[in-house]
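Chain and residue survey
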Amino acid sequence: MAWVSEAQALEARAAKAQAWETQACEAQSRGNQLKQTSLLEVEAARVLKQKPLPKKVEVPEKEKSEVLFTRPLWSNKVEYILAQVGYSVRAVNLWRFPYLWLHNGGWTFLIMYIFLLFLVGVPLLLLEMAAGQRMRQGSTGVWKIISPWIGGVGYTSFMVCFITGLYLNVFNAWTLTYLGHSFQFPASWEHCPLLKNSSDFDPECAQTTPSMYFWYRMTLKASDRIEDGGPPVFSLSLPLLVSWCLVGVFMINGLKSIGKVMYVLVPVPYLIMLCFLIWSLLLDGAVVGLQYLGVAKISAMYNMNVWCQAGVQVLFALGLGYGPIVSLSSHMHLSNNCLSDAFVVALVNLGAMLLATPFIFCVLGFWATVITHRCSERNAETLSRLVILGKLLPEAQPPPNLLDNPTSIFTSWLNSLPQSIKSMVLSHVPECSLEKQFLKVKEGPSFAFLAFVEAMSFTPGSVFWSILFFLLLLTLGLNLMIGTLQGIITPLQDTFSSFRKYARLLTDPMFPPVVVFVLMFLCGLFFIRPSGFYYIRLLSEYWVILPIIIIVILENMAVGWAYGARRFLAELAILCDHSTYPIIRWLWCLSPVVLLVLFATTLFLLSLKTFTYVAWDSSSSKEVLRQYPSWGLLVMIALFLIVILPIPAYFVYCLTHGIPFKSTSCNESVISSGSLPLTPGMELEE
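Moving on: the nonpolar core. Grouped together as the largest cluster of nonpolar side chains are 199 residues, with contacts concentrated most on W143, I146, W174 and F276. The element that contributes the greatest number of residues to this core is helix α17 (residues 338-388), accounting for 20 residues. When neighbours within four sequence positions are excluded, F276 is seen to be in contact with F359, F452, M456, W465, L468 and F469. One finds A380, L383, L386 and V429 within the second-largest nonpolar core, a separate group that totals 14 residues.

Here it is as structure tokens:
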């Protein structure tokens, strides 16, 4: 049982309830949408205005937990912005954006990306921030308040966030594995391992590069096909557990500890990227990378596939549709100006990618230059040996000295040969092309753990730069996981009172968030199996695109069309005491059309695609392209239908129970389930 002093509390609540009611009336008149105040609000105000009860009343513990629940708030705006930035700036975007830049028109792609960022990205980011902040709910509750018929989209968003969270921490496990090996000299990916009780190198590694062998055979222990099973890789189980423990420690005190951790985890990646930018400009071959950076293909402007790639990148770069943006903003003061927040987060996100792209291109230029130089030197040695053996004519003897610039000297000599001799030479040695080598870089995790790692192994001080690079990936990965977990735990706390029973994360061994962490760790073990990497590629490259676009479309329709963009912005302007720009309303009404076109184009392009994945072939020690089995595609379709199912199911529920399409009260949003109305200045003290 708990004793609550009511004499002063009810008097203060009465005054604040009056102020809340006044704000509600102003919102109604300015929005010109509501005709009357709901009976619930009138009754709540009437009860709060009654005379105080006796000095102390006895309140049951259960009732106190539900009625006097205080929604935790960010200590200050800086911590909130850092959390949003930490969630949106993802490591995967730092290598995906340069890849798209390289293969989709260069500067032309950047112009298209920025255009879509401000046409669709920033308005949708503002929409999610404003919805969470205005309604004081996580992803599962906010859309039911705004538009009941579209309320199922919150459950879809929650499920997508949960599934992606299972394999996102696997990236951190890979990073921790590489980080641990970075302290060795030379690093494990710089040389092939020796056979046990022998001085010979592992023959499987001898047929490929040390970095590729370490990635596929030592880290992933990858199977040859996705169909192959096997238990979780033991060497990845401990790093995965450590990753989850790190996230748990950082979230141990909820928003209080998250906010403090963000002061370190968010700025550190930018400092590291700045160091990499300065260092990369001094590398041999950096000019080659900068040449590709300066390319602009106007023809890409007329390519629908490039527009589709840019649109999808905008959604993924900002992390829209997953739910964490809504959950993080639901803990912000109602009077906060979320319009400026949306611009700050979007611009910082864009700045991070523009900061990372030059140094990535410079490092890739260095990597391609070194590989091509070594190729030319090997070719020269091979040709000299063949000439000595009499298998080639003396005219095929390469220049004796290639030390200064092997690629340039060897290529010039090769091009000066008569065509017949040149053809004979190329029949014995491969062609060493700097351009082809540069364009060999692949999309996905292989970029960071293959090309970039191999490039760093060629540089002086490779140990230092390797440690710095994996610290960059780890901090970005932990930032993302903290935001993702907040997007899972907040809706659970809003829905189930047992999830908000304890103020601290680890005060009880059965505390539900810890149960969530353990459950996600156990489910994540599936993705560190020998074939787990192929499932991650299937989900991240093919599956997650369509659910995210559908979620964002329905969220936009809920606010822009169902609730009413004009009405929503009018209420937001009152709470923030700051006028909104009319263009936001027009963009909210226009965005669903743009997103529908994006959805249709993406669906069409996916239907034309052959669903393939890059697999490791242990017999040849090479990467091979394989096609996903038919059952894999069926599993992907089934998973898509499962996460989408709550949308039509909740729609049918609303129809059968006579729930109206539009929200009937602009202020029921701030009355959380099991809590008192929360408006500016009305957060209750425990």
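From this point, things continue past the structure.
The next thing to look at is helix α24 (residues 532-543). Residues spaced three or four apart along an α-helix face the same direction, because each turn holds 3.6 residues. The end-to-end C-alpha distance of α24 is 15 Å, a good match for the 16 Å that 12 residues give at a rise of 1.5 Å each. Most of α24 is tucked away, with 10 of its 12 residues classed as buried. For α24, every residue scored as buried is listed here: G532, F533, Y534, Y535, I536, R537, L538, L539, Y542 and W543.

The complete set of buried residues in helix α18 (residues 406-416) reads P406, T407, F410, W413 and L414. The buried residues of α18 occupy one face: seen down the axis, they fall within an arc of 140 degrees. Opposite the buried face of α18, by more than 90 degrees, sit the exposed residues N415 and S416. Among the structural elements, α17 and α19 (419-426) are those in contact with the buried residues of α18.

Here we come to the packing of helix α21 (residues 445-457) against helix α22 (residues 462-495). Where α21 meets α22, the axes come as close as 9 Å, and the angle between the chain directions of the two elements is 150 degrees. On the basis of the axis angle, α21 is roughly antiparallel to α22. Together, A448, F449, F452, V453, M456 and S457 of α21 and S462, W465, S466, F469, F470 and L473 of α22 make up the contact between the two elements. Here the contact of α21 with α22 is composed, by residue class, of 9 nonpolar, 3 polar and no charged.

Let's shift gears to the pairing of strand β3 (residues 612-617). In terms of residue burial, β3 counts as a mostly covered element, since 5 of its 6 residues are buried. By the bridge criterion, 6 bridges tie β3 to strand β4 (residues 622-627) in an arrangement that is antiparallel. Among the inter-strand pairings, W616 is bridged to a residue of β4, identified as E623. Hairpin connection of β3 to β4: 4 residues between the antiparallel strands, including S621 at a positive phi of 55 degrees.

For the rest of this paragraph, the subject is a nonpolar patch on the surface. Residues M304, W561, L590, V593 and V597 make up a contiguous nonpolar surface patch of about 440 Å² in total accessible area. Along the polypeptide, M304 turns up in helix α15 (residues 304-318).

So, about the packing of aromatic side chains. What the rule picks out here adds up to 53 aromatic pairs. On the numbers, 5.3 Å between centres and 70 degrees between planes, the contact of F97 with Y113 is edge-to-face. Residue F97 is located in helix α5 (residues 91-103), and its partner Y113 is located in helix α6 (residues 107-135); the two are separated by 16 residues in the primary sequence. Residue classification places F97 among the buried positions, given a relative accessible area of 0%. Relative to F611, the ring of Y542 has its centre 4.7 Å away and its plane inclined at 50 degrees; by these criteria the two rings are tilted. With a gap of 69 residues between them, Y542 in helix α24 and F611 in the loop between α26 (582-608) and β3 connect regions that are remote in the sequence. The same class applies to Y542 and to F611, which are both buried. Cation over ring: R90 sits above Y87, and NZ or CZ is 4.8 Å from the ring centre. Here the basic side chain of R567 rests over the ring of Y563, its NZ or CZ set 3.9 Å away from the ring centre.

What counts and how
- Residues numbered from 1 in each chain as written.
- Predicted model: local features only at pLDDT ≥ 70, side-chain atom pairs only at ≥ 80, totals over all residues.
- Heavy atoms only, no water.
- Core = buried A, V, L, I, M, F, W, Y, C linked by side-chain atoms within 4.5 Å.
- Buried < 20%, exposed > 50% of the residue type's maximum accessible area, 1.4 Å probe, protein only.
- Helix = DSSP H or I, 4+ residues; strand = E, 2+ residues; numbered from the N terminus.
- Contact = heavy atoms within 4.5 Å.
- Expected span 1.5 Å × (residues − 1).
- Arc of directions from axis to C-beta.
- Axes fitted to C-alpha atoms, helices over the stretch in contact; angles between N-to-C directions.
- Parallel < 35°, antiparallel > 145°, perpendicular 65-115°, else oblique.
- Nonpolar A, V, L, I, M, F, W, Y, C, P; charged D, E, K, R; others polar.
- Pairing = 2+ DSSP bridges.
- Patch = residues over 30% accessible without salt bridge, like charges linked within 9 Å, V, L, I, M, F, W, Y side chains within 5 Å.
- Areas by Shrake-Rupley, 256 points an atom, 1.4 Å probe, with all protein chains shown as cover.
- Salt bridge = Lys/Arg side-chain N within 4 Å of Asp/Glu carboxyl O.
- Phe/Tyr/Trp six-rings, centres within 6.5 Å; stacked < 30°, edge-to-face > 60°.
- Lys NZ or Arg CZ within 6 Å of the ring centre and 35° of its normal.

None of the figures reported here should be taken as evidence of function without further support.
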